[in-house]
Structures are given as structure tokens and as C-alpha cells.
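Per-entry structural report
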Amino acid sequence: AGAGSWRAMPLVPGANLAADAESRGMLAVTNPADRRETVGRWQPADSATVEKALQNAVAAQPGWDATPAASRAAILEHAATLLEARMPQYMAMCTKEAGKTLSDGVAEVREAVDFLRYYAAQARKHFAVEALPGPTGESNTLQLAGRGVFVCISPWNFPLAIFMGQVAAALAAGNSVIAKPAEQTNLIGHAAVKLLHEAGIPEAVLQFLPGDGATVGAALTRDPRVAGVAFTGSTETARAINRALAGRESGAIAVLIAETGGQNALIADSSALPEQLVKDALSSAFTSAGQRCSAARVLFVQEDIADKVVHMLAGAMAELKVGDPGLLSTDVGPVIDADALALLEDHAAKMAKDATLIATATTDDSIEHGTFFAPRAWELKSLSQLTRENFGPALHVIRWKAEDLDQVVDTINATGFGLTLGIHSRIDESIDRIVQRAKVGNIYVNRNQIGAVVGVQPFGGQNLSGTGPKAGGPHYLPRFATEKTVTVNT
Ligand code: ADP
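The rules we used
- Residues numbered from 1 in each chain as written.
- Predicted model: local features only at pLDDT ≥ 70, side-chain atom pairs only at ≥ 80, totals over all residues.
- Helix = DSSP H or I, 4+ residues; strand = E, 2+ residues; numbered from the N terminus.
- Rg over C-alpha atoms; globule rule 2.2 N^0.38 Å.
- Buried ≥ 20, exposed ≤ 12 C-beta atoms within 10 Å, placed from the backbone.
- Contact = placed C-beta atoms within 7 Å.
- Expected span 1.5 Å × (residues − 1).
- Near = placed C-beta within 6 Å.
- Nonpolar A, V, L, I, M, F, W, Y, C, P; charged D, E, K, R; others polar.
- Pairing = 2+ DSSP bridges.
- Axes fitted to C-alpha atoms, helices over the stretch in contact; angles between N-to-C directions.
- Core = buried A, V, L, I, M, F, W, Y, C linked by C-beta atoms within 7 Å.
- Right-handed = clockwise from strand over helix to strand, strands pointing away.

For the chain, the name recorded in an unreviewed UniProt entry is Bifunctional protein PutA, with Lysobacter hankyongensis as its organism.

Below, the structure written as C-alpha cells:
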């Protein structure tokens, strides 16, 4: 990459290079499914590397901005074709570095391809010069241009799809980009950047800068040369980035596009079909080991059907296959790392005191060393028992009475998060009522509440869950650009 601080090793299953990596000051990446296999290594950028990357980005941006949008789009489309052809290799990386199951790996690569094509198409559309009506003797046009240097700060839970989506939009809009992936998924981020370079993005236009958030991320966001930040991660980090951008005493008033967490609920009334409800609750809560921003955390079930649903849920959870994400039969793989596991164990200890355990899925005996958390469900008295987003396979069930529907929605709104909401009901008036009242970004009715097809289901939340505009939607790309109005006296 442009900043040149990172060296990759090929993915060699079974190779143990940890000692070697440490001796060279590099950090080893271990497979979350066993915590023993080293799948690669990386080196955090130092402050000189950050400075060099910023200088490169500033110097390269005008040339990229002057490149016709159609040419930028063509490069992204070429990258999509390359990525599609290499799906198995990228899927394998998602499994080895991020613990993704095979079906998650396919979806991840697919979504990255879709983002590349969608933002390419959006660039062609939005960057066309638009003639505006005006008085005679004058011509008025509106056109978009890149803002300048964009920093993309990405999470580990969609290490390819979200990373690629942010970067593709920023590039398509004519910005130079510094991409900082999450500490946990540098190998995938690096491979994505190499692919974009191969497709034709100049190295200085897209630079890869690995490092931890508090040093490299913070150094980038407080730098006045940065015109915008695309961020996906926690609400606290979004606030820290907002403060860093706001605290700058020179440079542009930067734009922040943030997608953050959720405390997502699923509301089921007594007209819901229990089989379908349980199936959708299970996939919403436990797909990707619950490590999706969209995942269902709380199932509000109307009391008339609650006993039946809880019983069926426990039965279905017992069937979940938890284990090696590289096996086709596995439903739930490991969580990302030891810190994530510790937070979930902590939560389970708290729930053991305050809540009733409904079910624990059993983990495969062959799992000894990986960071696995067996999916669990608890019954709670009230939502206030959850004080934070539990980012993993943990579901909570709360019963409600028919007359309390509005109150249920208000309680969910009162968390401040507003990302996804599931509704299971056959009563149109109840569905409409919930849709109208809920302060959330994505609502899914009588289906699971995960997954957002690019260009079809624009995704993103409100309030504590993010700033918008929605990823994969028509307003996302223009936010990465600035507008120029040209008035000519004819
Ligand atoms: P998560 O809880 O999902 O790991 P984080 O918000 O901690 O979410 O991380 C998301 C991304 O934000 C990562 O790439 C991380 O390195 C980065 N990050 C963390 N802290 C900061 C910060 N203070 N400034 C900029 N980026 C940060």
C-alpha cells in the first residue's frame, strides 16, 4: 500500500509463526476458532507513516477528483469482477481471520461486490452535470466533486463488506482515501486494498493504514487535512471521533458519516405464527454469532403465546450446531476475540443473578481453545436490565400484555438506539401502529431482521445508532461529495 508499513504472509493453515512474528515486532493474527493457528501478521503504522499517508493523500486527491466519474466507476466495476472471481479465497480469509461461517463468508463477499457495483452506478448517476432552470441570459448547473481526503474507519464484524462499502463510496465520489480497518481484521482489509490497486486505483489515492483506534485512528481524525470520516463501530467511538473533528482549529468543517450499534428488538403479538417467529428470532439473534449491528437482542412476546414460544425457542436452540466455522454443518462460529468473549461471560454472570435462563446451545466437543460463547437466551422482567449492547449470541425475552403495545415501543425507543426492529404480527393495524411509533432505521415484518440487500434495503439507524445516510441507499454517495453550482452569464 501507499504507506507501505504492512507486509502480508500467505494464509498457511497450520503454520505457527507467532514467535517469529514477535521477534520482528509484528503482531500475529490467530484464528478465533482455535487461538493457536497463526494466519498472518501485521505491523501498526507509526506516526511518521501516518504523516506520510496524509501527505500522499493530499497530493493525490486533485488528480483523482479530475478523473471522470465514469472512469472511477469503471475501476470499481473491474474490482467487483476480480473479487467475484476470487470468492473462495476471500471467504477463506473471513473464516480464518474473523471466524465467519461459510455461509456468512459467501454473503460477505457478495455484499462487497454489490457495494462496488452500486456505488459505481451511483457515481455515474450523481456526477452527471445537472442543468438548473434559471433566468434568460444565464446558465446554471450543479455538479458534484470530491471533498478531499476521506478517512474510512471500519469494524471487524463485516471486515470485507463494510470496509469495501465505505472505501468504494469515498473513492467513487472523488476523494483520496486512507483506510483504517479494525485491529482484528487487518489481513482482510489489506487484501481488499490490494485488489483495488490491482483494479486500477492509484496507490496514493487509496492507502492502507493499520493500527489501533486510540493511536492511528485518533491521529487521523484530529488532523486538519482530513475532510471527512466514514465510521462504523461503537457509539462511544463515534462520539470520540466527533470530538476529535470538532476540536480541530483549522481545516475543513469535516463531515462524519457514522453507523453504530443497536439494542434491537423483535415484537411479536399473539397473532404471530410461532414456528416462523422462532425460526426468524433464531436467525436474527444467532447468525454470525450475534455479531451483527442488526442482530435481535430482545424478543418482546405477547403473553398469550409466550409459554409456547419460549418452549419452542429452547428446543430450537438445542439443535444449533456451534463449532468450527469452516464446516458446512456449523450454524454458529466463535466470537471475534478474548475481549469479546470476556464481555459475554460477564453478561452471563450478571444474567445468572437477575434473569431466568431459557436455554444454552451446546458447543461441539472438538472445540478446546477457540473464543466460543454458546448461544444463550434469558427471560427478563424489563428492558432496563440490559445496560449495554451485548455483541454476541445472547437473546433476551420479555413478555407483554395486549394493552401495553405502545408502551413496549416507547420502552424500545427510550434506549436511544434506533437501528433494526422486527415485527411478527398478522394484524395490519398493529403493524402500522408500531411502524409509525418506532424510532428506528430498518423495520422487518414477518421475516428475520438481519441482512440488507445493497440498493434494495438501504441500511442504517438513527439517534445513538448513527448519523445516516444509509449504506447501500441513494443518499449515501452524495454525502461523500461536495456540490458546485456554476452560474454563467451568457
Ligand atoms: P468495536 O466495539 O466494534 O470494536 P470500536 O468502535 O472500538 O468498535 O472500533 C471500530 C473502529 O474504530 C476500529 O477500526 C477501531 O480501531 C476504531 N477506533 C477505536 N477508537 C477510535 C478512536 N478514538 N478514534 C478513531 N478510531 C477509533
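That covers the picture; the talk isn't over yet.
A word on the overall build of the chain. Within the chain one finds 15 helices and 19 strands. What you see for the chain is a C-alpha radius of gyration of 23 Å, in line with the 23 Å of a compact globule of 490 residues. For the chain, the spread of C-alpha atoms along the principal axes amounts to about 75 × 65 × 45 Å. In the chain, buried positions account for 51% of the 490 residues. Put simply, 75% of the contacts in the chain that link residues at least 6 apart link residues at least 24 apart.

For the rest of this paragraph, the subject is helix H4 (residues 87–98). Residue pairs three or four apart in sequence face the same way in an α-helix, which turns once every 3.6 residues. Given a rise of 1.5 Å per residue, 12 residues ought to cover 16 Å, and the 16 Å separating the end C-alpha atoms of H4 matches this to within 8%. When H4 is considered as a whole, its buried residues turn out to be Tyr90, Met91, Met93, Cys94, Thr95, Lys96, Glu97 and Ala98. Two residues or fewer after H4 comes Gly99, characterised by a positive phi angle close to 70°.

Here we take up the site of the ligand. Near the ligand lie 17 residues; those nearest to it are Gly213, Gly217, Gly233, Ser234 and Thr237. Listing elements by their share of the shell around the ligand, those giving two or more residues are helix H8 (213–221) and helix H9 (235–246). Broken down by element, the residue count for the shell around the ligand peaks at five residues, all from H8. A breakdown of the residues in the shell around the ligand according to their chemical character gives seven nonpolar, seven polar and three charged.

In this section: the sheet that holds strand E19 (residues 481–489). The strand order E3-E4-E19 describes an open sheet built from three strands, whose pairing is antiparallel. Edge positions in the open sheet fall to strand E3 (130–132) and E19, since each of these has one partner strand only. Strand after strand, the sheet turns through a mean of 30° between neighbouring axes, direction not considered. With nine bridges connecting them, strand E4 (residues 138–146) and E19 associate as antiparallel partners. Residue pairing for E19: Glu138 is matched across the bridge by Asn489.

Before going further, it helps to examine unusual backbone geometry. For the peptide bond that leads from Gly468 to Pro469, omega is -10°, which places it in the cis range. Summarising the element assignment, Pro469 is placed in the loop between strand E18 (462–463) and helix H15 (476–479). In this model, Ala289 sits at a positive phi of 50°, which is unusual for a non-glycine residue. Judged by the 30 C-beta atoms lying within 10 Å of it, Ala289 is buried. Despite not being glycine, Asn463 has its phi angle at roughly 60°, a positive value. Within the secondary structure layout, Asn463 lies in strand E18.

Counting residues in hydrophobic clusters, the biggest one holds 143 residues, and the most contacted among them are Leu76, Leu116, Tyr119, Leu160 and Ala172. Looking at this core element by element, the count peaks at 10 residues for helix H6 (residues 161–172). Discounting residues that sit within four places of it in the chain, Leu76 has contacts with Leu116, Tyr119, Ala120, Ala168, Leu171 and Ala172.

With that settled, consider the sheet that holds strand E7 (residues 206–208). Strand order in the open sheet formed by five strands is E7-E6-E5-E8-E9, with parallel pairing between adjacent strands. Only two strands of the sheet have a single neighbouring strand rather than two, namely E7 and strand E9 (255–259). Taking each pair of neighbouring strands and ignoring which way they run, the sheet shows an average axis angle of 15°. Bridge analysis of strand E5 (residues 149–153) against strand E6 (residues 176–180) gives five bridges, and the strand direction is parallel. Each bridged residue has a counterpart across the sheet, and for Cys152 the counterpart in E6 is Ala179.

All right, on to the pairing of strand E8 (residues 226–232) then. Among the seven residues that make up E8, seven are buried, leaving the element largely enclosed by the rest of the structure. As defined by bridge partners, E5 adjoins E8 across five bridges and the pair is classed as parallel. Opposite Ile153, over in E8, you have Phe231 as the bridge partner. The sheet contact formed by E8 and E9 spans five bridges and is parallel. Looking across to E9, one finds that Val229 is bridged to Leu256. For the segment spanning E8, H9 and E9, crossover handedness is right-handed.

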